[in-house]
Amino acid sequence: MVKRFRDRFGEAVREAWLDRKQSILVVDAAKLRAVCEFARDSEKFDMLVDLTAVDWPKREKRFEVVLQLYSFAKNERLRVKAQVADGEPVPSVIFVWPAAGWLERECFDMFGIRFDGHPGLKRILLPDEWQGHPLRKDYDILQQDEAWVRENMGIESGQ
Amino acid sequence: MDETRSEGMAPPSVELAVPGADEIVINMGPQHPSTHGVLRVKLRLDGERIDGSECIIGYLHRGVEKIAEHRSYQQFAPYVDRMDYVAAVSNGLGYCEAVEKLLGAEAPPRARVVRTILTELQRIASHLLWLGTHALDIGALTPIFYCLREREEILKIFEKYCGARLTTHAFRIGGLQYETYDGFEHDVKRFCDDFGTKVDEYEQLLTGNRIWVGRCKGVGVLTAKQAIALGVTGPPLRASGVKWDLRKAMPYAAYDRYDFIIPTGTNGDTYDRYLVRMEEMRQSRRICLQAVENIPTGPIMAKVGKVLKPPPGEVYHSIEAPKGEIGYYVVSDGTTQPYRVRVRPPSFINLQAFDTMVRGHLVADVVAIIGTLDIVLGEVDR
């Protein structure tokens, strides 16, 4: 399967390996949408199970967007990853799998990753005016948007 | 290329457009008895018909995934019980198995069978609570009393086993902390024997009831294609006719040993989802009966050590929770704390289908559709 992805996308498929018997594919962020369309149409990965990110602040490109795909026809999973720098947009996969709508919003909410082409990218779990993205590693576990808390909750501090 | 779009299936609307001259926007919740927690729904109405909706969530957000990065692997286990708090045992099973996979460990056979029994009891308990409240929302007052009566028996077994009824923390990474108590098999058998006719009793109250049928048939239809595109899993996916259950597709715990069927629907409406969940309760009872007949003897914990340091790497593991596929994506950097834990919450992703299901229906149907999705806001918001 990796070979078919390599044949189609060449250098855009950066790495591919197995971890605990699960297949992982790292692709160029710019090609993410094309790879996903190929995965859906030719490789029969018809369901986007999950979309999330991991923050690695020490890496050159700090975020890793992670998609978990599932194929009903093959009963197989595939994990597609793309590395992006802070502020670098990722092509949205919402038109490949509508399921990405809320998942990309959550990813934006928690990490501040922008998804290009998403029709309504706004916060989903936190209030719209909140400052900061809590799942970044430099966001302390006790940190809150104190100004928002004071203004909206009428208390001095959330802690 | 965009076949999902060409069939009139837009991506779920993320923001409600400004209403036209003949339209109004009304607000339901977050404090509304039918929303089962703190879900707020904005509905755009044309007359009494809904032509758009937006769910506003996050009122129960506690930052579970952030907390995970600051706890050890074992310390985080009780937190997962607080997501889907009416199916805590299932959440715990998913997390423990994910970390076991990361460690390369496997729970011993006895632990796996006991896990299967408790998880199936939990599925029955979760479906019972869904049935009672869903019927109550639609106007059938009676079933909830019966449902809670039976659920109580399951919670008593949990309480006797681990001391807790709701947020049980029943499993440990590597197996079980507690041996089963004296009379555990007897209690499970007695519950299953009693429960045998109970589902038929509920069905007598509802299945042929004209009001129930009128309120459920054709309401909130989700085709198989839509369900897959939206990532919907669990009973809503099966009611749309997709015969897919992780217990069969990718067996975990001890499910490969037992005989059970996957019920499916054909129309993908509220009524079919009701029938699927009713049949699932019967099948869960069957699994419990088979499992309890023959619980292997032996140790209940694998040798995983007191301090867990999984080798660097990552794993995604998911199980079939009562509400759908609950998945854990755990990344290890070789220390005693997870580098990242991502929970794939079935309620959150199933709720995304709400907008597709609700369009064209009346305001009164919103209550039925929220009920039939069987969401728990603790898991939606995490």
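Note that the structure is predicted; figures quoted are calculated from it, not measured.

Below, the discussion takes up the overall build of chain A. Within chain A one finds four helices and seven strands. Ordered by position from N to C terminus, the α and β elements of chain A give α-β-β-α-β-β-β-β-α-β-α. With the principal axes as the frame, chain A shows a C-alpha extent of 60 × 30 × 25 Å. For chain A, with 159 residues in total, the buried portion stands at 41%. A separation of at least 24 residues holds for 44% of the contacts in chain A among residues at least 6 apart in sequence.

Per the secondary structure count, chain B includes 17 helices and eight strands. A compact globule built from 382 residues would reach a C-alpha radius of gyration of about 21 Å, and chain B, at 21 Å, matches this within 12%. In terms of its C-alpha atoms, chain B occupies a principal-axis envelope of roughly 70 × 50 × 40 Å. Looking at the 382 residues of chain B, the share that counts as buried comes to 54%. If you take every contact in chain B between residues at least 6 apart in sequence, the share linking residues at least 24 apart comes to 70%.

Residue and element names in this part refer to chain A. One open sheet holds the five strands; their spatial order is β1-β2-β5-β4-β3, and the pairing between them is mixed. Each edge of the open sheet is held by one strand with a lone partner, namely β1 (13–19) and β3 (47–55). For this sheet, the mean angle separating the axes of adjacent strands, direction not counted, is 20°. Both strand β2 (residues 22–27) and strand β5 (residues 76–84) contribute to a ladder of four bridges, which runs parallel. Following the sheet pairing, Leu25 is matched in β5 by Val80. In the packing of helix α1 (residues 2–9) onto the sheet, contacts are made with β1 and β2, and the angle to β1 comes to roughly 175°. Of the strands in this sheet, β2, β4 (63–71) and β5 touch helix α2 (residues 32–41), which is tilted by about 170° from β5.

Another aspect to go through is the domain arrangement of chain A. Residue and element names in this part refer to chain A. Here the domain parsing of chain A yields domain 1 (2–125) and domain 2 (127–159). Summarising the inter-unit geometry, the C-alpha centres of domain 1 and domain 2 are found 29 Å apart. Across the contact, seven residues belong to domain 1 and eight residues belong to domain 2. Counted by class, the side of domain 1 that touches domain 2 contains three nonpolar, one polar and three charged residues.

Another point: the interface of chain A and chain B. With 32 residues of chain A at the interface, the matching set in chain B holds 38 residues. Among the elements of the structure, β3, β4 and α3 (100–111) of chain A are those that each provide at least two residues to the side of chain A that touches chain B. When residues of the side of chain A that touches chain B are assigned to their parent elements, the largest contribution, six residues, is made by β3 of chain A. For the side of chain A that touches chain B, the per-class residue count stands at 19 nonpolar, six polar and seven charged.

Glancing now at the pairing of strand β7 (residues 324–332) of chain B. All names here are of chain B. Most of β7 is tucked away, with nine of its nine residues classed as buried. Direction of pairing for strand β6 (residues 313–321) relative to β7: antiparallel, over a ladder of nine bridges. Residue pairing across strands places Gly313 opposite Ser332, the latter belonging to β7. Remark: two residues form the turn of the hairpin made by β6 and β7, two consecutive strands paired antiparallel.

Right, let's get into the confidence of the model for chain B. Residues and elements named next belong to chain B. Averaged over chain B, the pLDDT score is 87; the fraction of residues at 70 or greater is 95%. The element-level mean pLDDT for chain B is lowest in helix α1 (residues 3–6), coming to 39, with helix α11 (residues 235–239) highest at 93. In the predicted structure, residues 1–8 sits below a pLDDT of 50 and forms seven contacts with residues beyond four places in sequence or in another chain. Confidence estimates for the predicted assembly give a pTM of 0.87 and an ipTM of 0.88.

Another aspect to go through is the packing of helix α3 (residues 73–80) of chain B against helix α4 (residues 88–103) of chain B. Residues and elements named next belong to chain B. At a minimum axis distance of 8 Å, the contact between α3 and α4 shows a crossing angle of 155°. By the criterion of interaxial angle, the relationship of α3 to α4 is roughly antiparallel. For the pair α3 and α4, the crossing hand works out as right-handed. Of the residues in α4, those touching α3 at Tyr73, Ala77 and Val80 are Asn91, Gly92, Tyr95, Cys96 and Val99. Of the residues contributing to the contact of α3 with α4, the split by class is six nonpolar, two polar and no charged.

This part is about helix α6 (residues 143–162) of chain B. An α-helix turns once every 3.6 residues. As a result, residues three or four positions apart point the same way. All names here are of chain B. Helix length check: α6, at 20 residues, gives a terminal C-alpha distance of 29 Å against a target of 28 Å (1.5 Å per residue), a fit within 8%. The set of residues buried in α6 consists of Pro143, Cys147, Glu150, Arg151, Ile154, Ile157, Phe158 and Tyr161. All buried residues of α6 fall inside an arc of 100° around its axis, so they share one side. Opposite the packed face of α6, turned more than 90 degrees from it, sit the exposed residues Phe145, Arg149 and Glu152. Where the residues of α6 are buried, they touch α5 (109–138), α7 (184–195) and α8 (198–206). Looking at the residues trailing α6, positive phi occurs at Gly163, about 90°.

This next bit is on the pairing of strand β3 (residues 49–56) of chain B. Two faces, one strand: in a regular strand the side chains alternate between the faces of the sheet. Residue and element names in this part refer to chain B. Taken together, the seven bridges between strand β2 (residues 40–46) and β3 define a ladder with antiparallel strand orientation. Within β3, the position partnered with Leu45 by the bridge is Ile50. Once β2 ends, the chain turns through two residues before running back antiparallel as β3, passing Gly47 with a positive phi of about 70°.

Quick look at the sheet that holds β6 of chain B now. Residue and element names in this part refer to chain B. With antiparallel pairing, the three strands of this open sheet are ordered in space as β6-β7-β8. In this open sheet, the two strands that pair with only one neighbour each are β6 and β8 (340–344). When strand polarity is set aside, the average angle formed by the axes of neighbouring strands in this sheet is 15°. This element, α4, spans β6 and β7 of the sheet and lies at about 150° to β6.

Once that is clear, we can look at the packing of α7 of chain B against helix α13 (residues 270–293) of chain B. Residues and elements named next belong to chain B. Contact geometry of α7 with α13 gives a least axis separation of 10 Å together with a crossing angle of 145°. The handedness of the crossing between α7 and α13 comes out as left-handed. Only Arg285, Cys288, Leu289 and Val292 of α13 make contact with α7, whose side of the interface consists of Glu185, Val188, Lys189, Cys192 and Phe195. When the residues that make up the contact of α7 with α13 are grouped by side-chain class, the tally is six nonpolar, no polar and three charged.

Analysis parameters
- Residues numbered from 1 in each chain as written.
- Chains lettered and ligands numbered in written order.
- Predicted model: local features only at pLDDT ≥ 70, side-chain atom pairs only at ≥ 80, totals over all residues.
- Helix = DSSP H or I, 4+ residues; strand = E, 2+ residues; numbered from the N terminus.
- Buried ≥ 20, exposed ≤ 12 C-beta atoms within 10 Å, placed from the backbone.
- Contact = placed C-beta atoms within 7 Å.
- Rg over C-alpha atoms; globule rule 2.2 N^0.38 Å.
- Pairing = 2+ DSSP bridges.
- Axes fitted to C-alpha atoms, helices over the stretch in contact; angles between N-to-C directions.
- Domains from an automatic or database assignment.
- Nonpolar A, V, L, I, M, F, W, Y, C, P; charged D, E, K, R; others polar.
- pLDDT = per-residue confidence, 0-100.
- Parallel < 35°, antiparallel > 145°, perpendicular 65-115°, else oblique.
- Left-handed = near helix turned anticlockwise from the far one by under 90°.
- Expected span 1.5 Å × (residues − 1).
- Arc of directions from axis to C-beta.

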